[in-house]
Amino acid sequence: MNGGKRFVITLVAGLCVAGIIAGISRLHLQASLPEHTPGNVTVQEHAEEPEPTAEAEVKEVQIGEEVFLSAVTETLDGQLDTTELAAEIGENTNVTLTGAVSKEDVTKLLESQADGISSAYQAVLELLPEDLPLTLEIGLQTSDGTVQVIPKSFQVASMEIPETFIEENLFDRLEQNINREISKQVSQVQSITSKDGGLLLTGI
């Protein structure tokens, strides 16, 4: 009988000790874990990898004189009104534009320059008819995805007109107008070559 009581007492004491140890362990675990506020978790979504962008397709476009006729008419409007305008696309991406301008407009252009050259030109103009032939020659090359204009010759009645007689930004505006016309077909020009009386552009 005494042996049975000892067993029960030992069992009860063992259970109490186990309970105390478990309680101490739980308190220690709670103290060591970081605090957590329910509902304050940011769920990191898996970002979808972007699909590879397809390379822009390179295309070839042939342009003709209409691009330059439109650009030159707009550029010279208000300074030298040109009639009978025509364009010829030659080798090495050179473009020659011809037309007629009034002697009155050319005289006004020369009068804006007070120097010996303009005075000599005006003296020659007095001997010429009212309508004077105009010739404008430019070269073209690509630069940073656009077409760049290179002035080569600007003549009125076979007289070379110095660039100083022309509006300072005239060729800049001509270049902008040409590129605006080209951008209707090609957004970025990679190369330009003369072909079959026109210009072959490659770009995207």
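Attention in this report is confined to the structure presented alongside it. Numbering of residues starts from 1 in each chain and follows the order in which that chain's sequence is written. Only residues with pLDDT of 70 or above have their local features reported here, since the model is predicted, and side-chain atom pairs are shown and tallied only from 80 upward, although totals for entire chains, interfaces and linings are computed over all residues. With hydrogens and water set aside, each side-chain value is computed from the structure's full complement of heavy atoms.

Let us look at the packing of helix H3 (residues 103–111) against helix H4 (residues 116–125). Orientation is described by lines fitted to C-alpha atoms, with helices fitted over the stretch in contact, and by angles between N-to-C directions that extend from 0 to 180 degrees. Only DSSP runs of H or I with at least four residues qualify as helices, and only runs of E with at least two residues qualify as strands; both kinds are numbered from the N terminus onward. Packing of H3 against H4 brings their axes to within 9 Å, and their N-to-C directions diverge by 160 degrees. In terms of axis orientation, H3 runs roughly antiparallel to H4. In this structure, the crossing between H3 and H4 has a hand that is left-handed. Within the contact between the two elements, H3 uses Lys 103, Val 106, Thr 107, Leu 110 and Glu 111 and H4 uses Ser 118, Tyr 121, Gln 122 and Leu 125. Residues were grouped as follows: Ala, Val, Leu, Ile, Met, Phe, Trp, Tyr, Cys and Pro as nonpolar; Asp, Glu, Lys and Arg as charged; and all remaining residues, including Gly, as polar. Looking at the contact of H3 with H4 residue by residue, the classes come out as 4 nonpolar, 3 polar and 2 charged. Between 65 and 115 degrees an angle is taken as roughly perpendicular, under 35 as roughly parallel, over 145 as roughly antiparallel, and anywhere else as oblique. With the far helix as reference, a near helix turned anticlockwise by less than a right angle produces a left-handed crossing, and one turned clockwise produces a right-handed crossing. Whether two residues are in contact is decided by their heavy atoms, any of which lying within 4.5 Å being enough.

Note on terminology: a nonpolar core comprises buried Ala, Val, Leu, Ile, Met, Phe, Trp, Tyr and Cys residues joined through side-chain atoms within 4.5 Å. For the exposure calls, accessible area comes from a 1.4 Å probe over protein chains only, and a residue counts as buried if that area is under 20% of its type's maximum, exposed if over 50%, partly exposed in between. By size, the foremost hydrophobic cluster in this structure holds 43 residues, and its most contacted members are Phe 68, Ile 138, Leu 140, Leu 174 and Ile 178. In this view, Leu 140 contacts Phe 68, Thr 93, Val 95, Val 147, Gln 148, Val 149, Ile 192 and Leu 199; residues no more than four positions away in its chain are not counted.

It is the contact of helix H2 (residues 65–76) with helix H5 (residues 170–182), at a shortest axis distance of 9 Å, that shows an interaxial angle of 140 degrees. Taken as a pair, H2 and H5 cross one another with a handedness that is right-handed. Two secondary-structure elements touch here, H2 through Val 67, Phe 68, Ser 70, Ala 71, Val 72, Glu 74, Thr 75 and Leu 76 and H5 through Leu 170, Arg 173, Leu 174, Asn 177, Ile 178, Arg 180, Glu 181 and Ile 182. Tallied by class, residues from the contact of H2 with H5 come to 9 nonpolar, 3 polar and 4 charged.

Two strands are said to pair when DSSP picks up at least two bridges between them. Ordered in space as E1-E8-E7, the 3 strands form an open sheet in which the pairing is antiparallel. This sheet does not close on itself; its edge strands, each paired only once, are strand E1 (59–63) and strand E7 (189–195). For this sheet, the mean angle separating the axes of adjacent strands, direction not counted, is 25 degrees. Examined bridge by bridge, E7 and strand E8 (residues 198–203) share 6 bridges and lie antiparallel to one another. Residue pairing in the sheet places Ser 194 in a bridge with Leu 199 of E8.

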